[in-house]
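Here's the letter readout for the chains.
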Amino acid sequence: MAIQTENDVVTQARRDWMSLLAKAPEDRLLALWADYGAAPAFDWLRRPEIGAVMVRGRMGGTGAPFNLGEMTVTRCALTLADGTVGHGYVQGRGKPKAEVAALIDALMQTPEAGALRAAILDPLAGTMDAASTARAARAAATKVDFFTLVRGED
Amino acid sequence: MYVAVKGGERAIENAHAWLAEERRGDTAVAELSIAQIREQLALAVNRVMAEGSLYDPDLAALAIKQARGDLIEAIFLIRAYRTTLPRFGATRPVATGEMACDRRISATFKDAPGGQVLGPTFDYTHRLLDFKLAAEGEVAKAPTAAPRNEPTPHITAFLRGEDIIQREPDSEATPGDLTRTPMSYPAGRDIRLQSLARGDEGFLLGLAYSTQRGYARNHAFVGELRIGTVAVEMEIPELGFTIEIGEVELTECETVNQFAGSKTEPPQFTRGYGLVFGQTERKAIAMALVDRALRWRELGEDDLGAAAQDEEFVLSHSDNIQATGFLEHIKLPHYVDFQSELELVRKLRREAEANVAKQNAGNEDAGKEASQ
Amino acid sequence: MNVSENRAAHGAFGGGFADPAIESAFAFRTAMSVMAKPGEIRALDTAHPPAPLSSAAGTLLLTLCDPETGVFLAGACDTPEMRGWLAFHTGAPVVGADRAEFAVGRWADLVPLDHYRIGTPEYPDRSATLIVEVDTLEAAGATLRGPGIKDSATLSLPDPAAMAGNAMLFPLGLDFFLTCGGRIAALPRSTQISEG
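Residues numbered from 1 in each chain as written. Chains lettered and ligands numbered in written order. Predicted model: local features only at pLDDT ≥ 70, side-chain atom pairs only at ≥ 80, totals over all residues.

Per an unreviewed UniProt entry, chain B is named Carbon-phosphorus lyase complex subunit PhnI, and its organism is Antarcticimicrobium sediminis.

An unreviewed UniProt entry annotates chain A as Phosphonate C-P lyase system protein PhnG originating from Antarcticimicrobium sediminis.

Peer 1: In this structure, what is going on with the overall build of chain B? I would like to understand it.
Peer 2: Of the regular secondary structure elements, chain B holds 12 helices and six strands. C-alpha extents for chain B along the principal axes are approximately 105 × 65 × 55 Å. Counting only residues that meet the buried cut, chain B has 36% of its 372 residues in that class. (Helix = DSSP H or I, 4+ residues; strand = E, 2+ residues; numbered from the N terminus. Buried ≥ 20, exposed ≤ 12 C-beta atoms within 10 Å, placed from the backbone.)

Peer 1: Just to check I follow, could you spell out the pairing of strand S2 (residues 65-80) of chain A for this structure?
Peer 2: The two faces of a sheet get side chains in turn, since along a regular strand they alternate between them. Where burial is concerned, most of S2(A) is hidden: 15 out of the 16 residues are buried. Strand direction decides the pairing type here: strand S1 (residues 42-58) of chain A and S2(A), joined by 14 bridges, are antiparallel. The residue bridging A:Arg58 from the neighbouring strand is A:Pro65, located in S2(A). Alignment of S2(A) against strand S1 (residues 54-55) of chain B, held across two bridges, turns out to be parallel. When the sheet's bridge partners are listed, A:Met71 is paired in S1(B) with B:Tyr55. Sheet topology places S2(A) next to strand S3 (residues 85-91) of chain A; seven bridges connect them, and they run antiparallel. Its bridge partner lying in S3(A), A:Ala77 is registered against A:His87. (Pairing = 2+ DSSP bridges.)

Peer 1: Looking at this model, I keep getting lost on the pairing of strand S4 (residues 220-236) of chain B. Mind explaining?
Peer 2: All names here are of chain B. Of all the 17 residues making up S4, 13 are buried; the element is thus mostly covered by neighbouring parts of the structure. Across 16 bridges, the pairing between S4 and strand S5 (residues 241-257) is antiparallel. Bridge assignment links Val232 to a residue of S5, and that residue is Gly246.

Peer 1: Help me understand the sheet that holds strand S5 (residues 142-145) of chain C, please; the structure alone is not making it clear to me.
Peer 2: Either a parallel or an antiparallel arrangement is found when strands of a sheet pair, and the pairing is made through backbone hydrogen bonds. All names here are of chain C. Taking strand neighbours across the sheet as the criterion, the three strands line up as S6-S5-S9 in an open arrangement whose pairing is antiparallel. Each having just a single partner strand, strand S6 (153-155) and strand S9 (192-194) make up the two edges of the open sheet. The mean inter-strand angle of the sheet, taken between neighbouring strand axes irrespective of direction, is 35°. Here three bridges tie S5 to S9, and the two strands are oriented antiparallel to one another. (Axes fitted to C-alpha atoms, helices over the stretch in contact; angles between N-to-C directions.)

Peer 1: Sorry, what's going on with the interface of chain A and chain B here?
Peer 2: When the parts of a complex come together, some accessible area is lost, and that lost area is often used as the size of the interface. With 52 residues of chain A at the interface, the matching set in chain B holds 64 residues. Here the side of chain A that touches chain B gets 10 residues from one element, more than from any other, and that element is S2(A). Among the residues forming the side of chain A that touches chain B, the class breakdown is 22 nonpolar, 17 polar and 13 charged. (Contact = placed C-beta atoms within 7 Å. Nonpolar A, V, L, I, M, F, W, Y, C, P; charged D, E, K, R; others polar.)

Peer 1: Could you clarify how one ought to interpret the environment of A:Leu103 in this entry?
Peer 2: All names here are of chain A. Within the secondary structure, Leu103 is located in helix H3 (residues 95-107). In the structure, Leu103 is positioned 64 residues away from Ala39 in sequence and 9.2 Å away in space, judged by C-alpha atoms. Beyond its immediate stretch of four places on either side in the chain, Leu103 contacts Pro40, Phe42, Leu78 and Gly86.

Peer 1: Would you explain the packing of helix H1 (residues 6-23) of chain A against helix H4 (residues 113-141) of chain A in this entry?
Peer 2: When two helices pack together, their arrangement is given by the angle between the helix axes and the distance between those axes. Residues and elements named next belong to chain A. In contact at an axis separation of 11 Å, H1 and H4 are set at 55° when each is read in the N-to-C sense. On the basis of the axis angle, H1 is oblique to H4. Our pair here, H1 against H4, has a crossing hand that is left-handed. Facing Trp17, Leu20 and Lys23 of H1, the residues of H4 in contact are Leu121, Leu124, Ala125 and Met128. (Parallel < 35°, antiparallel > 145°, perpendicular 65-115°, else oblique. Left-handed = near helix turned anticlockwise from the far one by under 90°.)

Peer 1: I would appreciate a short explanation of the domain arrangement of chain B in the present structure.
Peer 2: Residue and element names in this part refer to chain B. For chain B, the domain assignment lists domain 1 (9-82) and domain 2 (96-119 + 150-167 + 179-326). The gap between the C-alpha centroids of domain 1 and domain 2 is 29 Å. For the side of domain 1 that touches domain 2, the secondary-structure elements that each account for two or more residues are helix H3 (42-52) and helix H5 (71-82). Ranked by the residues each element gives to the side of domain 1 that touches domain 2, the list is headed by H3, at six residues. (Domains from an automatic or database assignment.)

Peer 1: Help me understand the environment of B:Thr251 in this model?
Peer 2: All names here are of chain B. Along the polypeptide, Thr251 turns up in strand S5. Judged by C-beta crowding, with 26 C-beta atoms within 10 Å, Thr251 ranks as buried. The spatial distance from the C-alpha of Thr251 to the C-alpha of Ile72 is 20 Å, given a sequence separation of 179 residues. Those residues in contact with Thr251 that sit more than four places away from it in its chain are Ile227, Val276, Gly278, Gln279, Thr280, Glu281 and Ala284.

Peer 1: So what exactly am I meant to see when it comes to H3(B) here?
Peer 2: Three or four residues apart is the spacing at which side chains of an α-helix point the same way, because the helix has 3.6 residues per turn. Residues and elements named next belong to chain B. Across the 11 residues of H3, eight count as buried, placing the element largely inside the fold. Listed in full, the buried residues belonging to H3 are Val45, Asn46, Arg47, Val48, Met49, Ala50, Glu51 and Gly52. Note on H3: the residue one or two positions beyond its end, Ser53, has a positive phi of about 65°.

Peer 1: Help me understand the sheet that holds strand S8 (residues 183-187) of chain C in this model?
Peer 2: All names here are of chain C. Strand order in the open sheet made by the six strands is S1-S8-S7-S4-S3-S2, with mixed pairing throughout. Bordering the open sheet on either side are strand S1 (42-43) and strand S2 (71-73), each of which pairs with just one other strand. Alignment of strand S7 (residues 175-180) against S8, held across five bridges, turns out to be antiparallel. When the sheet's bridge partners are listed, Leu178 is paired in S8 with Ala185.

Peer 1: Before we go on, may I ask you to explain the environment of C:Ser55 in this structure?
Peer 2: All names here are of chain C. Assignment of secondary structure puts Ser55 in helix H3 (residues 55-64). Here Ser55 falls in the buried class, since 21 other C-beta atoms lie within 10 Å of it. A sequence separation of 114 residues divides Ser55 from Leu169, and the C-alpha atoms of the two residues are 31 Å apart. Beyond its immediate chain neighbours, meaning those up to four positions away, Ser55 contacts Asp45, Ala47, His48, Gly181 and Gly182.

Peer 1: What is the right way to look at the nonpolar core in this model?
Peer 2: Soluble globular proteins tend to bury their nonpolar side chains together. Judged by nonpolar contacts, the single largest core of 159 residues is most densely connected at B:Val290 and C:Ala103. Formed jointly, this core draws a minimum of three residues from each of two domains, domain 1 (9-82) and domain 2 (96-119 + 150-167 + 179-326) of chain B. Setting aside chain neighbours within four positions, we find C:Ala103 in contact with C:Phe72, C:Ala74, C:Ala97, C:Leu110, C:Tyr116, C:Ala128, C:Leu130 and C:Ile131. (Core = buried A, V, L, I, M, F, W, Y, C linked by C-beta atoms within 7 Å.)

Rendered as structure tokens:
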């Protein structure tokens, strides 16, 4: 097992919250942010801009890469009054979503991190997990059982 | 020849105004919202995203509304929009083995780990019109069961152990991009797959069907078909690490094809591959069949002269926006071209008439001579 | 906090365009104009890259580069701050001279010219553009003739002989921007150079 440096742990934590914010449903994120009620002063390093990234697949699922098609992404970067830099990279064309993601990214690097995690990141992850679990549960109900007429493990 | 002609501005403006009114239809009927199209016409949205080559359900829904349901027109709108977007970069290749599957079936292995999961499929419906849908009503909640938490492995992974199925060569080479570099032939499989992924569903369906009917027959089984969502990862250059920038729904089809071997390859199963944005099952299967047919050269098979084997034919004609652009342009004013053609045909007719008259005169002379 | 303070605090993230669509369009117009009229010197100073890069060279990089254009940072230009700045604002990968679409640096660090791609007969455009940082940029020195120049023009060039040699390769060859502080001029491969 590779030895994890403190830096790796910090990077992994940041990756995780940025990934969560990127995939989050925009209305839910904005509602949680509004409830949190913070309005930190900041300056733009890069105003929100809408662009595309090329999504790649692999031949046969495991082979060499090929270009599948693009998806929309919105990004921005800002700096808080204390100089902390926050980046927002989010799916779709939501400029407010990118702005809130960048603000949360910045604040998560400050002592506010714990409060933010409890007020925004954890509930957001809960919403998203519940949605994917609900789909997985419906999928599981359509699994074919060739051996018994009734599935009854529970 | 193209010659600029002025005029018609008012007619065009008025035509567009009428188009807007017709698009809205009877105002006594409620207007469609983008959310309604996105949620309730999801498969049309998926097709527009796949062939428009841009994953954004809300934009695709807007395009469908603007195009009055003409999906090729909607795809045209999406293609035009995507050219205005700056490109931030490219993602890591998606890990379809990690897909959260809504559906996952195999026609070759009944007892594949992960099982046969039907998902929200039209299969096994009786294709009888359901008049209950004509009336509004609540939909019953679909049943649930204990969800699977671990990823569902690819079925071809089990065959790989036996070496009985062709391996996909590992590579991290940067793939070609047909939206950036003009096509040249022969194209690599990377370019072929990109082209097929955005190609017209109907065209690929027809080609794939032709391979099943015997034109470059390649005995395909659906080794695996899966539909679900995968996370999309991208390295952020200014951060120096990778984050998930989103999640896309994909349909993936792997065919397993009988292969007797060639001079260069032992007898084994070969593979065709289809990967398409959204829940787009017919397109993904068709893509896999056509991909396999196009691989004849690298597998050392014979060129049977079938359309589906002809890379230039397939790739040059699969793009419905290129096709409709060229097809529909012939309805636009060609007054000057046609005027010159008209003059040419009139001249040819005059010459032909003169020739006939001359011949007739000659025949009459000959007749007179004979009767004399 | 204003942009210049940001630049001090965030070398990699500050100093970009405040309004990318408008500012890059103006900068592109300037770059196109000087390339179309070799010898003409114009102001170009919207962006503020990390030292030692000039404002003109930085503005040009932000205008012309994206994730699909490889950039060679020659000599003293290749600093961690510069790499970070380029990555944040353009996403352009830093590459070696032989793979570069753009190369930036001082003349002594950029040469020899045969390291760069000069295009192919089918695609003469698949060649590198060099952004040469110079200490003086004035309408004096070598005599320029050719497309975009009425009669002749003069321009201070870092190495007229090498640039004249490049022009001999036409239609292949390299194109040059010359940058000095907030000013820019250009020398396309189509320009004939004689020592003035």
